[in-house]
Amino acid sequence: MKISNDIIAIEVAEHGAELVSLVKDGREYLWGGDAAYWNRHAPILFPAVGKPYRNELHADGKVYPMKQHGYARDSEFEVVGDGRLRMQAGPLAEGYPFRLGLEVCYRLQGGAVEVTWTVENLDERDAWFQIGAHPGFMLPGYQAGDALHGYIHYYDREGMPVSPVIVSALEDGNRVPLDVPRRIPADMPVGNDTFAGDALMFENGQVAKAVLCDKEGNGVLGVSCRQAEAYGVWAPHKPGCPFVCLEPWCGICDAKGFTGDISARRYIQRLSPKGKYSFSYTIEVYR
């Protein structure tokens with residue numbers, strides 16, 4: 001599916017309803033999916049954000065297998081018009097305890113892409129889920145030999161610069177508490193070892209917007225979401241990696257050792273029977 005206006009053009013794949021191209025003035029901003037680094041572009045994280053402990057979810061005394069980031073990114077969707085896609089595979093994924101529908105809508109507004117996901121509970125009982133974004137963007141003017149590849153600026157829900165604090169690190173894909181919380185500058189430089197310890201996770205709604213900047217500190221694009229309960233920033237720690245992911249989440253990976261019921265997972269979302277939940281984030285290209 002292709003959508004364009006006078007400023008930008010996007011392309012969305014029916015597999016995973018994934019944004020696979022974002023072009024302005026002939027320049028591609030989205031990561032191209034080279035498997036040597038990461039074979040995805042902007043996957044939808046649903047109904048799990050991050051890794052459940054031991055790849056298991058517990059619900060009503062039963063254990064269900066669930067891989068990292070859930071099943072939506074590997075599901076087939078169909079275009080239903082007006083920039084909207086709906087999951088083809090049906091509301092119940094094998095091995096998940098709840099019947100959930102998912103519709104994705106892409107809308108262009110000037111130089112911005114607004115992405116809205118609507119989750120519907122098709123069950124006769126309360127349903128639980130997480131959802132999040134994972135778009136990757138090319139580092140502006142990337143040169144492998146440079147020590148500095150640009151900056152990421154952070155903002156809170158009021159639009160004010162924020163120096164977020166990291167309280168957890170990742171160990172085998174799960175959260176472990178830091179002995180000493182780590183404060184990140186509001187204008188964080190991005191270098192070759194920024195993600196040596198895996199993703200940076202900003203919890204407790206500290207970050208609502210991250211702006212990718214060039215080496216002079218000029219903003220290139222921003223990813224904003226006032227609903228974000230957590231925000232991840234990540235790139236593979238591989239020599240020559242030319243992109244970074246800016247990821248607003250309503251959810252987060254399990255803490256190491258967590259085996260509680262799904263309803264007790266961190267930043268879990270609850271839907272009453274037949275209820276709907278919408279989550280929106282915006283990618284804005286500045287230049």
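Structure shown above.
Notes on the structure follow. (Residues numbered from 1 in each chain as written. Predicted model: local features only at pLDDT ≥ 70, side-chain atom pairs only at ≥ 80, totals over all residues. Heavy atoms only, no water.)

Quick word on the sheet that holds strand E21 (residues 219-224)
Argument step 1. One open sheet accounts for nine strands, arranged E8-E9-E10-E11-E25-E21-E20-E15-E18; its pairing is antiparallel. The sheet terminates laterally at strand E8 (77-81) and strand E18 (187-191), the two strands that pair on one side only. Averaged over all neighbouring strand pairs, the angle between strand axes comes to 20°, with direction disregarded.
Argument step 2. Judged from the four bridges that link them, E21 and strand E25 (residues 276-285) form a sheet pairing that is antiparallel. (Pairing = 2+ DSSP bridges. Helix = DSSP H or I, 4+ residues; strand = E, 2+ residues; numbered from the N terminus. Axes fitted to C-alpha atoms, helices over the stretch in contact; angles between N-to-C directions.)

Structural notes on the environment of Arg266
Argument step 1. Relative to the helices and strands, Arg266 is located in the loop between strand E23 (243-250) and strand E24 (269-271).
Argument step 2. On the basis of relative accessibility, which here comes to 29%, the residue Arg266 falls in the partly exposed class.
Argument step 3. For Arg266 and Ala255, which are eleven residues apart along the polypeptide, the C-alpha to C-alpha distance reads 8.4 Å.
Argument step 4. Of the polar contacts made by the side chain of Arg266, one reaches the side chain of Tyr267; its length is 3.0 Å. (Buried < 20%, exposed > 50% of the residue type's maximum accessible area, 1.4 Å probe, protein only. Polar contact = N/O pair within 3.5 Å; in protein donor to acceptor, adjacent residues only side chain to side chain.)

Points about the packing of aromatic side chains
Argument step 1. Here the structure, examined in full by the defined rule, presents 13 aromatic pairs.
Argument step 2. Aromatic pair Trp117 and Phe279: ring centres 5.3 Å apart, planes at 10°, arrangement stacked. In this pair, Trp117 sits in strand E11 (residues 112-121) while Phe279 sits in strand E25, placing the two residues 162 residues apart along the sequence.
Argument step 3. We classify Trp117 as buried; its relative accessible area is 2%.
Argument step 4. Residue classification places Phe279 among the buried residues on the basis of a relative accessible area of 0%.
Argument step 5. By the ring-pair criterion, three or more aromatic residues cluster together here, those being Phe46, Tyr71, Tyr96, Phe98, Phe129 and Tyr277. (Phe/Tyr/Trp six-rings, centres within 6.5 Å; stacked < 30°, edge-to-face > 60°.)

What about the pattern of salt bridges?
Argument step 1. One pass over the structure, following the stated rule, counts 13 salt bridges.
Argument step 2. Arg125 is the salt-bridge partner of Asp60, the closest N and O atoms lying 2.5 Å from each other. Placement of the pair is Asp60 in the loop between strand E6 (56-59) and strand E7 (62-65) and Arg125 in the loop between E11 and strand E12 (127-129), with a sequence separation of 65 residues.
Argument step 3. With relative accessibility at 54%, the residue Asp60 sits in the exposed group.
Argument step 4. Since its relative accessible area comes to 33%, Arg125 is described here as partly exposed.
Argument step 5. Across the salt bridge formed by Glu103 and Arg84, the nearest N and O atoms sit 3.2 Å from each other. With a gap of 19 residues between them, Glu103 in strand E10 (residues 100-109) and Arg84 in strand E9 (residues 84-87) connect regions that are remote in the sequence.
Argument step 6. The partly exposed category is assigned to Arg84, whose relative accessible area is 23%.
Argument step 7. Taken together, the shared-partner salt bridges connect Arg40, Lys67 and Asp74 into one network. (Salt bridge = Lys/Arg side-chain N within 4 Å of Asp/Glu carboxyl O.)

Let's talk about the side chain of His41
Argument step 1. By secondary structure assignment, the location of His41 is in the loop between strand E4 (27-28) and strand E5 (44-45).
Argument step 2. Judged by its relative accessible area of 14%, His41 falls in the buried class.
Argument step 3. Sequence-distant contacts of His41, that is, excluding residues within four places in its chain, are made with Glu18, Leu19, Val20, Leu30, Trp31, Gly32, Gly33, His134, Pro135 and Gly136. (Contact = heavy atoms within 4.5 Å.)

Focus: the pairing of strand E17 (residues 174-183)
Argument step 1. Pairing geometry for strand E16 (residues 165-171) and E17, over six bridges, is antiparallel. In the sheet register, Leu170 faces E17, and the bridge partner there is Arg175.
Argument step 2. Where E16 folds back on E17, the antiparallel hairpin that results is connected by two residues, among which Asp172 adopts a positive phi of roughly 55°.

Digging into the sheet that holds strand E3 (residues 19-24)
Argument step 1. Taken in spatial order, the four strands of this open sheet run E1-E2-E3-E4, and their pairing is antiparallel. In this open sheet, the two strands that pair with only one neighbour each are strand E1 (2-4) and E4.
Argument step 2. Two elements, E3 and E4, share two bridges in a ladder whose sense is antiparallel. Bridge assignment links Val23 to a residue of E4, and that residue is Glu28.

Just geometry here; none of it tells us what the structure is for.
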